[in-house]
Amino acid sequence: MENRIKELRQERNMTQEELAVALCVTRQTIIAVENDKYDPTLKLALKIAKFFEAPVESIFRI
């Protein structure tokens, strides 16, 4: 599953650590998701979409 998390994070001038804190996950989780090494749970995907104020479908592509 591809995603736009890195792009969206960089648009907001956020570090991986800042995003991780905002989402209550580890920086390693953000790194893994951004590098397509880990598919987030539905709960985390919805949290990410809410944080970026965007539909899940616009962030994640199957």
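Before any of the text, the structure's been laid out above.
Description of the structure in this document. Just so it is clear, the structure is predicted and the values come from calculations on it, not from any experiment.

Reading the values: the criteria
Once a new chain begins, its residue numbering starts again from 1 and follows that chain's sequence as written. Owing to the predicted nature of the model, reporting of local features is limited to residues with pLDDT of at least 70; listing and counting of side-chain atom pairs is limited to 80 or more, with chain, interface and lining totals taken over all residues. Side-chain metrics rest on all non-hydrogen atoms present in the structure, leaving aside hydrogens and water. Secondary structure elements are taken from DSSP: a helix is a run of H or I of four residues or more, a strand is a run of E of two residues or more, and numbering for both begins at the N terminus. The globule rule used here is 2.2 Å times the number of residues to the 0.38 power, and the radius of gyration it is set against is calculated over C-alpha atoms. Three exposure classes are used, based on accessible area relative to the maximum for each residue type with a 1.4 Å probe and protein chains only: buried under 20%, partly exposed in between, and exposed over 50%. For every accessible area listed, the method is Shrake-Rupley and the probe measures 1.4 Å; residues are considered covered only by the protein chains on display. Fitting a line to C-alpha atoms yields each axis, with helices limited to the stretch in contact; the angle taken between N-to-C directions then spans 0 to 180 degrees. Our angle categories are set so that under 35 degrees counts as roughly parallel, over 145 as roughly antiparallel, 65 to 115 as roughly perpendicular, and the remainder as oblique. Note on contacts: a residue pair is in contact if any heavy atoms of the two residues lie within 4.5 Å. Side-chain classes follow a simple rule in which Ala, Val, Leu, Ile, Met, Phe, Trp, Tyr, Cys and Pro form the nonpolar group, Asp, Glu, Lys and Arg form the charged group, and the remainder, Gly included, forms the polar group. What is meant by a nonpolar core is a set of buried Ala, Val, Leu, Ile, Met, Phe, Trp, Tyr and Cys residues, joined one to another through side-chain atoms within 4.5 Å.

## Some words on the overall build of the protein chain
Helix and strand counts for the protein chain stand at five helices and two strands. Across the protein chain, helices and strands are ordered from the amino to the carboxyl terminus as β-α-α-α-α-α-β. Whereas a compact globule of 62 residues would reach a radius of gyration of roughly 11 Å, the protein chain reaches 10 Å, a difference of no more than 12%. Each principal axis of the C-alpha distribution contributes one length, and for the protein chain these read about 25 × 20 × 20 Å. Here the protein chain, with 62 residues, has 37% of them falling under the buried criterion. When the accessible surface of the protein chain is summed, it comes to about 4200 Å², and 53% of that surface belongs to carbon and sulfur atoms.

## Re the packing of helix 2 (residues 16-23) against helix 4 (residues 42-52)
Where helix 2 meets helix 4, the closest approach of the two axes is 10 Å, and the angle between their N-to-C directions is 110°. Our classification of the angle between helix 2 and helix 4 gives roughly perpendicular. Here helix 2 contributes Leu19, Ala22 and Leu23 to the contact with helix 4, which in turn contributes Lys47, Ile48, Phe51 and Phe52. Partitioning the contact of helix 2 with helix 4 into residue classes produces six nonpolar, no polar and one charged.

## Comments concerning the nonpolar core
In this structure, Ile5, Leu19, Ile48, Phe52, Ile59 and Phe60 are the most contacted members of the largest nonpolar core, which totals 15 residues. Elements that contribute at least two residues to this core include exactly helix 1 (5-11), helix 2, helix 3 (27-34) and helix 4. Sequence-distant contacts of Ile59, that is, excluding residues within four places in its chain, are made with Glu2, Asn3, Arg4, Ile5, Leu8, Ile48, Ala49, Phe52 and Ala54.

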